[in-house]
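# Residue-level structural notes
Residues per chain, in single letters:
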Amino acid sequence: MGTRWRAVSDQVMGGVSEATLVHRQAGRKDCLRLSGPVRLDNNGGFIQAALDLSPDGDFLDASAYTGLRISVRGNGEVYGLHLRSADAMRPWQSYRASFLASETLQTIELPFSEFVPHRLEKALDVSRLRRVGLVAIGRAFQADVSLCAIAFYR
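Counting from 1, residues in each chain are numbered in the order their sequence is written. Predicted model: local features are reported for residues with pLDDT of at least 70 only, side-chain atom pairs are reported and counted for 80 or more only, and whole-chain, interface and lining totals are derived from all residues. Derived side-chain values reflect all non-hydrogen atoms in the structure, with water molecules and hydrogen atoms excluded from consideration.

### Digging into the sheet that holds strand β7 (residues 94–101)
Here is the rule: Only strands joined by at least two bridges in the DSSP assignment are considered to pair. Starting at the N terminus, helices and strands are each numbered in turn, a helix being any DSSP run of H or I of at least four residues and a strand any DSSP run of E of at least two. Only the stretch in contact is used when fitting a helix axis, every axis being a line fitted to C-alpha atoms; angles between N-to-C directions are given from 0 to 180 degrees.
Read from one edge to the other, the open sheet built from 6 strands follows the order β1-β4-β10-β6-β7-β9, with strand pairing classed as antiparallel. Looking along the sheet, the strands with just one partner apiece sit at the ends: β1 (6–9) and β9 (116–118). Direction aside, neighbouring strands of the sheet carry axes that sit 35° apart on average. As paired strands, β1 and strand β4 (residues 46–52) are joined by 4 bridges and run antiparallel to one another. What sits directly across from V8, in β4, is Q48.

Structure (structure tokens):
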């Protein structure tokens, strides 16, 4: 994509959750590991690994695809994959799908039809995607999830 993953936490809005983002080996796979405490203090409650889908801020057209396929392993907690499109203008708006990250590496397909609008009225327009995020959100817990592959699938 020509872009880099970056860590984002609720500290951008006064929260105290801490995101750590590192590359690590999981078996023979190179993975991106998101970890840290998710805390609800100060109306917080999230950490995220975010990837812009275009280096120039433009949109990515994924309309030829059915959804996203991820290979993940974690600590038995539920995590989210969030998409932002041209319609998500405010920082709290996104389209969300969740999954359970078991302790063994697994491949999960998340069809675009399963992404639910969060604080948006419009349905997801996959022809104008801006960002994808791997997110630990909504409750106090110790996040630890490794993303070993992510791709669009037909």
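After presenting the structure, the write-up continues.
### So, the layout of surface pockets
This is how it is decided: A pocket here means an open set of points on a 1 Å grid, computed over the protein atoms alone, that has protein on both sides within 12 Å along at least five of seven lines. A cavity is instead a set of points where a 1.4 Å probe fits but cannot get out; residues with an atom within 4 Å of a point line either one. Grid points are joined across faces, edges and corners, and a volume is the space filled by probe spheres set on the points. Polarity classes work like this: nonpolar for Ala, Val, Leu, Ile, Met, Phe, Trp, Tyr, Cys and Pro, charged for Asp, Glu, Lys and Arg, and polar for all others, with Gly in that last group.
As a volume, the largest pocket reaches approximately 580 Å³. What lines the largest pocket is a set of 25 residues, and nearest its centre among them are F46, Q48, P91, W92 and R96. For the lining of the largest pocket, the elements supplying multiple residues, two or more each, are β1, β4, β6 (77–85), β7 and β10 (129–137). Ranked by the residues each element gives to the lining of the largest pocket, the list is headed by β10, at 5 residues. Here the lining of the largest pocket is composed, by residue class, of 10 nonpolar, 10 polar and 5 charged.

### Quick notes on the packing of aromatic side chains
One pair of aromatic rings is described through two measures. These are the centre distance and the angle between the planes. Applicable threshold: Under the pairing criterion, centres of Phe, Tyr and Trp rings, with the six-membered ring standing for Trp, must be within 6.5 Å; the plane angle then separates stacked pairs below 30 degrees from edge-to-face pairs above 60, leaving the rest tilted. Each residue's exposure class comes from its accessible area (1.4 Å probe, protein chains only) as a fraction of the maximum for that residue type: buried when under 20%, exposed when over 50%, partly exposed otherwise. Both a distance and an angle decide whether a charge sits over a ring: NZ of Lys or CZ of Arg must be within 6 Å of the ring centre and within 35 degrees of the ring normal.
Evaluated as defined, the whole model comprises 5 aromatic pairs. Seen in terms of ring centroids, F112 and F115 are 6.4 Å apart; in terms of plane orientation they differ by 50°. Their pairing is tilted. When sorted by exposure, F112 lands in the same class as F115, which is buried. Members of the aromatic cluster, joined through ring pairs, are Y65, F112, F115 and F152. Positioned above the aromatic ring of F59 is the side chain of R128, whose terminal nitrogen or guanidinium carbon lies 5.4 Å from the ring centre. Directly above the ring of F141 sits R139, whose terminal nitrogen or CZ lies 3.9 Å from the centroid.

### Overview of the sheet that holds strand β3 (residues 29–38)
Spatially, β2-β3-β11-β5-β8 is the arrangement adopted by the 5 strands of the open sheet, whose pairing is antiparallel. Every other strand in the sheet has two partners, leaving β2 (20–26) and β8 (106–111) as the edge strands with one partner each. Averaged over neighbouring strand pairs, the angle between their axes works out to 35° when direction is ignored.

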